[in-house]
Amino acid sequence: MKKIALIFALGLFVYSCAKVPLTGRSQLALVPSSELQPLVNEEYQKALKSNKVLTGTKDGQMVARVGNKMAASVEKYLQDNGYGELVKEMSWEFNLLESDQVNAWCMPGGKVAFYTGILPITKDETGIAVVMGHEIAHAIASHARERMSNGLLLNFGVSALSSAMGKNPTLTQQIFLQSVGGVSQLGMLKFSRKHELEADEMGLIFMAMAGYDPRQAPVFWERMAAAGGEAPPEFISTHPGPDRRIERLNANMPKAMEYYNAVK
């Protein structure tokens, strides 16, 4: 039995490995998108119903305009580089919600929400593109799915997971919810520093692909750090420190500028 479990485990990990676009990092992908997305859609609609959506305002239209422009550029890159199946998983939505929170988030599948509290720091379309690129990157890199996959293994182990998958080809909603602590957290998961830095790197290039000057990204994070004072905004409270973030952005700037110069 132990041998069978080991063979299953090895097969599971081989089958469930994916690569992150742009960075090429290998990641665990036990949670099927088909299982995840209906739950995501339900929770996104709850978020829209529980907040005032400012779609028709000038700011709301600007958020949607930047989001759609960047999504189109990202999808073209994915299609051109063999990630067509990932494009099919995306169902983009970009909404501005009325709230004093200095925050933005993106659920799997490209369900994005900005809060009005972050707009004084973004200032303009390029500032929005900095944040938008970071959030889109979380979706393209499937960071939520990776975190949830790791949570499944942590909470259930290979043997319990193999039993569950043996009885049902798809993960049951009950097991899924237990592993991630509730679907209501999907849009605002506290990603690891590794994920945050990867989203920064990818987001920098995504904004450049869409024609937004990536050199404004470090400038935005300087404004964000200055706005925090002793109590940092929620958007950076669990993220890498601003100094480290800016250092990494500047290190990736030459690569981003190649994309930016190509579309100018």
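Just so it is clear, the structure is predicted and the values come from calculations on it, not from any experiment. (Residues numbered from 1 in each chain as written. Predicted model: local features only at pLDDT ≥ 70, side-chain atom pairs only at ≥ 80, totals over all residues. Heavy atoms only, no water.)

**Focus on the overall build of the chain**
Right, on to step 1. Along the backbone of the chain there are 13 helices and five strands.
Right, on to step 2. Relative to its 264 residues, the chain shows a buried fraction of 53%.
Right, on to step 3. Considering only contacts in the chain between residues 6 or more positions apart, those separated by 24 or more positions represent 74%.
Right, on to step 4. Summed over its atoms, the accessible surface of the chain is roughly 12,400 Å², and 53% of this surface lies on carbon and sulfur atoms. (Helix = DSSP H or I, 4+ residues; strand = E, 2+ residues; numbered from the N terminus. Buried < 20%, exposed > 50% of the residue type's maximum accessible area, 1.4 Å probe, protein only. Contact = heavy atoms within 4.5 Å. Areas by Shrake-Rupley, 256 points an atom, 1.4 Å probe, with all protein chains shown as cover.)

**Comments concerning the confidence of the model for the chain**
For residues with low pLDDT, the predicted coordinates do not support detailed interpretation.
Right, on to step 1. Looking at the chain as a whole, the pLDDT averages 81, with 73% of positions reaching at least 70.
Right, on to step 2. Across residues 1–15, confidence stays below pLDDT 50; counting only partners more than four residues off in sequence or on other chains, it has nine contacts.
Right, on to step 3. Within the model, pLDDT remains below 50 along residues 174–189, and this stretch shows 34 contacts once partners closer than five positions in the same chain are excluded. (pLDDT = per-residue confidence, 0-100.)

**Comments concerning the pairing of strand 4 (residues 104–107)**
Right, on to step 1. The side-chain alternation of strand 4 yields two buried faces, one formed by A104 and C106 and the other by W105 and M107.
Right, on to step 2. The pairing of strand 4 with strand 5 (residues 111–115) spans four bridges and is antiparallel. Across the sheet, the residue bridging to M107 is K111, located in strand 5.
Right, on to step 3. Following strand 4, the chain reverses through three residues before pairing antiparallel with strand 5; G109 in that reversal takes a positive phi of roughly 85 degrees. (Pairing = 2+ DSSP bridges.)

**Observations concerning the nonpolar core**
Right, on to step 1. By size, the foremost hydrophobic cluster in this structure holds 56 residues, and its most contacted members are M70, F114, M132, I136, I140 and F206.
Right, on to step 2. With residues near it in sequence (within four places) discarded, F114 still touches V63, N95, L96, L97, N103, A104, I128, V131 and M132.
Right, on to step 3. Judged by nonpolar contacts, the second largest core, of 13 residues, contains L36, L48, Y115 and A144. (Core = buried A, V, L, I, M, F, W, Y, C linked by side-chain atoms within 4.5 Å.)

**A few points about the packing of aromatic side chains**
Right, on to step 1. Tallying each qualifying case throughout the model produces three aromatic pairs.
Right, on to step 2. Ring geometry for F220 and W221: centres 4.9 Å apart, planes at 75 degrees, overall edge-to-face. The pair formed by F220 and W221 is uniform in burial state, with each residue classed as buried.
Right, on to step 3. Here the basic side chain of R245 rests over the ring of W221, its NZ or CZ set 3.9 Å away from the ring centre. (Phe/Tyr/Trp six-rings, centres within 6.5 Å; stacked < 30°, edge-to-face > 60°. Lys NZ or Arg CZ within 6 Å of the ring centre and 35° of its normal.)

**Focus on unusual backbone geometry**
Right, on to step 1. Notably, L22 is not glycine yet its phi reads approximately 75 degrees, a positive angle.
Right, on to step 2. Unusually for a residue other than glycine, K123 sits at a positive phi of about 70 degrees.

**Thoughts on the packing of helix 3 (residues 58–80) against helix 9 (residues 193–209)**
Right, on to step 1. For the pair helix 3 and helix 9, interaxial distance at closest approach is 8 Å and the crossing angle is 105 degrees. Regarding the angle of helix 3 to helix 9, the classification is roughly perpendicular. Packed against helix 3, whose contacting residues are M70, S73, V74 and Y77, the element helix 9 presents F206, M207 and M209 at the interface.
Right, on to step 2. For the contact of helix 3 with helix 9, a count of residues per class yields six nonpolar, one polar and no charged. (Axes fitted to C-alpha atoms, helices over the stretch in contact; angles between N-to-C directions. Parallel < 35°, antiparallel > 145°, perpendicular 65-115°, else oblique. Nonpolar A, V, L, I, M, F, W, Y, C, P; charged D, E, K, R; others polar.)

**Here's the deal with helix 13 (residues 253–263)**
Right, on to step 1. Those residues of helix 13 lying buried are M253, A256, M257 and Y260. In a view along the axis of helix 13, the buried residues occupy a sector of 100 degrees, so they form one face of it. Seen from the buried face of helix 13, the exposed residues on the opposite side, beyond 90 degrees, are P254, E258 and A262. (Arc of directions from axis to C-beta.)

**What to know about the sheet that holds strand 5**
Right, on to step 1. Judged by pairing direction, the sheet is mixed, and its three strands sit side by side in the order 3-5-4 without closing on themselves. Only two strands of the sheet have a single partner each, and these edge strands are strand 3 (93–97) and strand 4. Ignoring which end each strand starts from, the neighbouring axes of this sheet average 15 degrees apart.
Right, on to step 2. Lying over the sheet, helix 3 contacts strand 3 and strand 5, oriented at roughly 155 degrees with respect to strand 3.

**Re the pattern of salt bridges**
Right, on to step 1. Evaluated as defined, the whole model comprises eleven salt bridges.
Right, on to step 2. E42 serves as the salt-bridge partner of K46, at 3.8 Å between the closest nitrogen and oxygen. Of this pair, K46 and E42 both sit in helix 2 (residues 33–49), four residues apart, roughly one helical turn.
Right, on to step 3. Note on K46: relative accessible area 44%, which makes it partly exposed. (Salt bridge = Lys/Arg side-chain N within 4 Å of Asp/Glu carboxyl O.)

**Thoughts on the environment of P32**
Right, on to step 1. Within the secondary structure, P32 is located in the loop between strand 2 (26–28) and helix 2.
Right, on to step 2. For the pair P32 and S149, spaced 117 residues apart in sequence, the C-alpha to C-alpha distance is 9.5 Å.

**Focus: the environment of Y260**
Right, on to step 1. Within the secondary structure layout, Y260 lies in helix 13.
Right, on to step 2. With 46 residues separating them along the chain, Y260 and P214 place their C-alpha atoms 7.5 Å apart.
Right, on to step 3. Those residues within four positions of Y260 in sequence are excluded, and the remaining contacts are A208, G211, Y212, D213, P214 and R215.

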